[in-house]
Amino acid sequence: MPTAKLNAEPAPKIKRRVLNRDKLEADIAAEAVRVFAECGYEGTSIATVAENAGLSKQNLMYYFPTKQALYQRVLDEVLDEWLERMENLAAGDQDPRDVLRTYVQAKLRFSREQPWASRVYAMEVISGAQLYGAQIQNRVVPLVRKDIEVFEKWISEGKIAPINATHLLFAIWAMTQSYADFSAQMALVLNRKQLTKKDFDDAEKVIVDMVLSAISVPPPACDGAP
């Protein structure tokens, strides 16, 4: 007896459809980042994001049924990139100076390349993280604790000076993210339209020098020294 043919859609076509959807959702999220950064959550409308993305409001809402769903996607992508950098920070088998230098470089590069994303995250936190607080607590806090364990291991091994690792991380976040969140103020002070790559290079040198100075182990005292 001949086997009945199933009316299944060819796999390549299904895969292509998934890829197209992923790309469209990524394009929508990319437009939403800037609108959320400029207008805040309350001031952002789905209609504005749709217009900027070249879609109808109804079409956009097929992919993101609510503004909060779109906001969640935007913040998820920001946090994914941020946490990837923190994962690298937890590489306890490397030289602490190299790890921290690379971390500062990565944070500044994110501020330079994705300032709108940094500002959306900052605005959410400044407003009390009312819509995204649970995700921050569930995803950031465990990784911060993991990083602190690495710092404590470095301290116990004499690789870095005793330091409050939590507040060192806070200081690095503040110094690097300010070059996105407060870039307009910095540009005004520097009398230019926007920060340049040289500004970020100069910032990197200053921040890295400060961080490495904070963790430097003082040389042992010479015998007979007072």
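Here the structure is a predicted model, which means the values were calculated and not measured. (Residues numbered from 1 in each chain as written. Predicted model: local features only at pLDDT ≥ 70, side-chain atom pairs only at ≥ 80, totals over all residues. Heavy atoms only, no water.)

## Considerations on the overall build of the chain
Scanning the chain for helices and strands turns up 10 helices and zero strands. Going from N to C terminus, the chain has its helices and strands arranged as α-α-α-α-α-α-α-α-α-α. Looking at the 226 residues of the chain, the share that counts as buried comes to 38%. Taking the intrachain contacts of the chain between residues at least 6 apart in sequence as the baseline, contacts between residues at least 24 apart amount to 71%. Carbon and sulfur atoms provide 55% of the accessible area of the chain, an area that totals close to 13900 Å². (Helix = DSSP H or I, 4+ residues; strand = E, 2+ residues; numbered from the N terminus. Buried < 20%, exposed > 50% of the residue type's maximum accessible area, 1.4 Å probe, protein only. Contact = heavy atoms within 4.5 Å. Areas by Shrake-Rupley, 256 points an atom, 1.4 Å probe, with all protein chains shown as cover.)

## Some thoughts on the layout of surface pockets
The method is simple in principle: a probe with the dimensions of a water molecule rolls over the atoms, and the space it marks as empty is what remains. Roughly 390 Å³ of volume is contained in the largest pocket. Tyr121, Ala122, Val125, Gln177 and Asp181 are, among the 17 residues lining the largest pocket, the residues nearest its centre. Contributing elements (two or more residues each) for the lining of the largest pocket: helix H6 (115–126), helix H7 (133–156) and helix H8 (165–181). Across the lining of the largest pocket, the residue classes break down as 13 nonpolar, two polar and two charged. For the second largest pocket, the calculated volume is near 270 Å³. Around the second largest pocket sit 18 residues that line it, and Pro115, Arg119, Ser183, Gln194 and Leu195 are the ones nearest its centre. Mapped by element, the contributors of at least two residues to the lining of the second largest pocket are helix H5 (96–113), H6, H8, helix H9 (183–189) and helix H10 (197–215). If you tally residues by element for the lining of the second largest pocket, the top one is H9, at four residues. Each residue belonging to the lining of the second largest pocket can be placed in one class, and the counts come to nine nonpolar, four polar and five charged. (1 Å grid on protein atoms, 1.4 Å probe; cavity = no way out; pocket = protein on both sides within 12 Å on 5 of 7 lines; lining within 4 Å. Points joined across faces, edges and corners; volume = space filled by probe spheres on them. Nonpolar A, V, L, I, M, F, W, Y, C, P; charged D, E, K, R; others polar.)

## A short note on helix H2 (residues 46–53)
Because each turn of an α-helix spans 3.6 residues, side chains separated by three or four positions in sequence point in the same direction. All of the buried residues along H2 are Ile46, Val49 and Ala50. Across the axial projection of H2, the buried residues extend over an arc of 100°, all falling on one side. Following H2 by one or two positions, Gly54 adopts a phi angle in the positive range, close to 75°. (Arc of directions from axis to C-beta.)

## Re empty space enclosed by the protein
The full count for this structure, using the stated rule, is one cavity of 30 Å³ or more. Looking at the largest cavity, its volume works out to about 60 Å³. Every residue along the wall of the largest cavity is listed here: Val78, Trp82, Lys107, Phe110, Ser118, Tyr121 and Gln177. Broken down by secondary-structure element, the contributors of at least two residues to the lining of the largest cavity are helix H4 (67–89), H5 and H6. Grouping the constituent residues of the lining of the largest cavity by class yields four nonpolar, two polar and one charged.

## Thoughts on the pattern of salt bridges
Taken as a whole and judged by the stated rule, the model has 13 salt bridges. A salt bridge links Asp202 to Lys198, with the nearest nitrogen and oxygen atoms 2.9 Å apart. In this pair, Asp202 and Lys198 both sit in helix H10, four residues apart, roughly one turn of the helix. Given a relative accessible area of 38%, Asp202 falls into the partly exposed group. (Salt bridge = Lys/Arg side-chain N within 4 Å of Asp/Glu carboxyl O.)

## Examining the confidence of the model for the chain
A residue-level look at the chain finds 88% of positions with pLDDT of 70 or above and a mean pLDDT of 88. Per-element averaging of pLDDT across the chain places helix H1 (residues 11–43) at the bottom with 80 and H10 at the top with 97. Counted against residues more than four places away or in other chains, residues 1–8, with its pLDDT under 50, gives zero contacts. (pLDDT = per-residue confidence, 0-100.)

## Focus: unusual backbone geometry
A positive phi is found at Ala129, a non-glycine position, where the angle reads about 50°. Along the chain, Ala129 turns up in the loop between H6 and H7. For Asn191, which is not glycine, the phi torsion reads 60° and is therefore positive. Exposure remark for Asn191: the relative accessible area of 70% places this residue in the exposed category.

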